[in-house]
Amino acid sequence: MHTDIKVLAPMDYHTFRSGLATDKSGTDCIDPLPYFVPLIQSFEKLALGRYFWFILDFPKGKHCASGGDVDSLTPFTNERFSSLEQLQLHGVTHPEDLNKILAFSRFWIELYDGRRAMGDLKVTLFFRMLNALGDYYWIMVQYPEVIMNENYKIVYGLVLVTDISHIKSQGEPMMTILNQKEHICQQFYCLNANTLSQTEFTPPRLTRREKEILQLLTKGHGSKQIASLLHISTKTVDNHRQNMLHKTGSKSSSEMVSMGIRLGMV
């Protein structure tokens, strides 16, 4: 697998909204929630930290359902959040991040437009938003599934938002798109093009076991817990962790976990 780094120009809301789906013809989903429920039920097992989810109605530009830790991870109650206008959510996004996130979002939406299936692509955004206490914190935003109209434009999108403040406290907003079929990971930033040139590099090659351990480290498990879950010795886990630190050039497990999230490895 290799990783491309690309730079996008920031975008305003009017440009972001232009050309998005305006109707729901060709879909059978009067209520999209039942369609997404099986996937929503898997979030608790797969989430890397506290999380909430919502369904975005693209033609209306507002939410139509939500759940999870909305009350603590956003300034809104779940009842209000479930029908929130998209512009109100943008209002609690860090002002330095908003136009960058709009550019990222528009890019992946255009990837979906006109395509029947995008199952090979895994899109992840990283930026800051306000919590219930009025503090900005880092979140990871994923788009596990969408519903399209007869013209293959997105009508409904399921969005998973995870609190990653325990492993990320600084840096630039970014987006990763992992193409699992072609083994390519693209990283997107909104920076001055002279600051970050387009480059390509080969990320570290981890074994299947090392990837399993990295996934569990990301969830906050220690060596003893990992050993118990994988039915191996604690010493074996520690040996794998040392090898992974060497492969990734990381100085600590937290740095290694951050790199794994950034590259879409977990």
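This text follows the structure it describes.
Attention here is on the structure that accompanies the text. For clarity, every value in this text was computed on a predicted model and none was experimentally measured.

**Concerning the overall build of the chain**
Then, in step 1: Along the backbone of the chain there are 11 helices and 9 strands.
Then, in step 2: Residue burial in the chain is summarised as follows: out of 266 residues, 48% are buried.
Then, in step 3: Across the chain, contacts joining residues at least 24 apart in sequence account for 65% of those joining residues at least 6 apart.
Then, in step 4: As displayed, the chain has an accessible area near 13400 Å², and 49% of this comes from carbon and sulfur atoms.

**What to know about the pattern of salt bridges**
Then, in step 1: Using the criterion set out here, one finds 8 salt bridges in the structure.
Then, in step 2: A salt bridge links Glu 212 to Arg 208; the nearest nitrogen and oxygen atoms lie 2.8 Å apart. Of the two residues, Glu 212 and Arg 208 both sit in helix H8 (residues 208-218), 4 residues apart, roughly one turn of that helix.
Then, in step 3: Since its relative accessible area comes to 26%, Glu 212 is described here as partly exposed.
Then, in step 4: Residues joined by salt bridges that share partners form a network here, namely Glu 96, Asp 97 and Arg 128.

**Things to note about the packing of helix H9 (residues 223-230) against helix H10 (residues 234-248)**
Then, in step 1: Relative to each other, H9 and H10 sit at 110°, their axes nearing to 8 Å. Classified by the angle their axes make, H9 and H10 are roughly perpendicular. Handedness of the crossing formed by H9 with H10: right-handed. Across the interface between the two elements, Ser 223, Lys 224, Ile 226 and Ala 227 from H9 touch Thr 234, Val 237, Asp 238 and Arg 241 from H10.
Then, in step 2: Taken together, the residues of the contact of H9 with H10 sort by class into 3 nonpolar, 2 polar and 3 charged.

**Quick notes on the packing of aromatic side chains**
Then, in step 1: One pass over the structure, following the stated rule, counts 9 aromatic pairs.
Then, in step 2: Ring centres of Tyr 13 and Phe 16 lie 6.2 Å apart, and the angle between their planes is 35°; this geometry places the pair in the tilted category. In this pair, Tyr 13 and Phe 16 are both assigned in helix H1 (residues 13-17), 3 residues apart and thus about one turn of the helix distant.
Then, in step 3: Aromatic pair Phe 107 and Phe 188: ring centres 4.6 Å apart, planes at 45°, arrangement tilted. Of the two residues, Phe 107 sits in helix H7 (residues 98-112) while Phe 188 sits in strand E8 (residues 184-189), which places them 81 residues apart along the sequence.
Then, in step 4: The class of Phe 107 is partly exposed, set by a relative accessible area of 26%.
Then, in step 5: Through a chain of ring-to-ring contacts, three or more aromatic side chains come together here, namely Phe 52, Phe 54, Phe 76 and Phe 81.
Then, in step 6: Positioned above the aromatic ring of Trp 138 is the side chain of Lys 168, whose terminal nitrogen or guanidinium carbon lies 4.4 Å from the ring centre.

**Re the pairing of E8**
Then, in step 1: Among the 6 residues of E8, 5 are classified as buried, and the element is accordingly described as predominantly covered.
Then, in step 2: Taken together, the 5 bridges between strand E7 (residues 174-179) and E8 define a ladder with antiparallel strand orientation. Bridge pairing links Leu 178 to Cys 185 in E8.
Then, in step 3: Hairpin remark: E7 followed by E8, antiparallel, with 4 residues in the connecting loop; positive phi at His 183, about 55°.

**A word on unusual backbone geometry**
Then, in step 1: Of note, His 231 is a non-glycine position whose phi angle comes to about 60°, a positive value.
Then, in step 2: On the basis of relative accessibility, which here comes to 72%, the residue His 231 falls in the exposed class.

**Side note on H10**
Then, in step 1: Relative to the 21 Å expected for 15 residues at 1.5 Å per residue, H10 spans 21 Å between its end C-alpha atoms, a close match to the ideal helical length.
Then, in step 2: Those residues of H10 not exposed but buried are Val 237, His 240, Arg 241, Met 244, Leu 245 and Thr 248. Around the axis of H10, the buried residues are gathered within 140° of arc, so they sit on the same side. Of the exposed residues in H10, those oriented more than 90 degrees away from the buried face are Lys 235, Gln 242 and His 246.

Cut-off values and rules
Residues numbered from 1 in each chain as written. Predicted model: local features only at pLDDT ≥ 70, side-chain atom pairs only at ≥ 80, totals over all residues. Heavy atoms only, no water. Helix = DSSP H or I, 4+ residues; strand = E, 2+ residues; numbered from the N terminus. Buried < 20%, exposed > 50% of the residue type's maximum accessible area, 1.4 Å probe, protein only. Contact = heavy atoms within 4.5 Å. Areas by Shrake-Rupley, 256 points an atom, 1.4 Å probe, with all protein chains shown as cover. Salt bridge = Lys/Arg side-chain N within 4 Å of Asp/Glu carboxyl O. Axes fitted to C-alpha atoms, helices over the stretch in contact; angles between N-to-C directions. Parallel < 35°, antiparallel > 145°, perpendicular 65-115°, else oblique. Left-handed = near helix turned anticlockwise from the far one by under 90°. Nonpolar A, V, L, I, M, F, W, Y, C, P; charged D, E, K, R; others polar. Phe/Tyr/Trp six-rings, centres within 6.5 Å; stacked < 30°, edge-to-face > 60°. Lys NZ or Arg CZ within 6 Å of the ring centre and 35° of its normal. Pairing = 2+ DSSP bridges. Expected span 1.5 Å × (residues − 1). Arc of directions from axis to C-beta.

Honestly, that's just the spatial picture; any functional story needs more than this.
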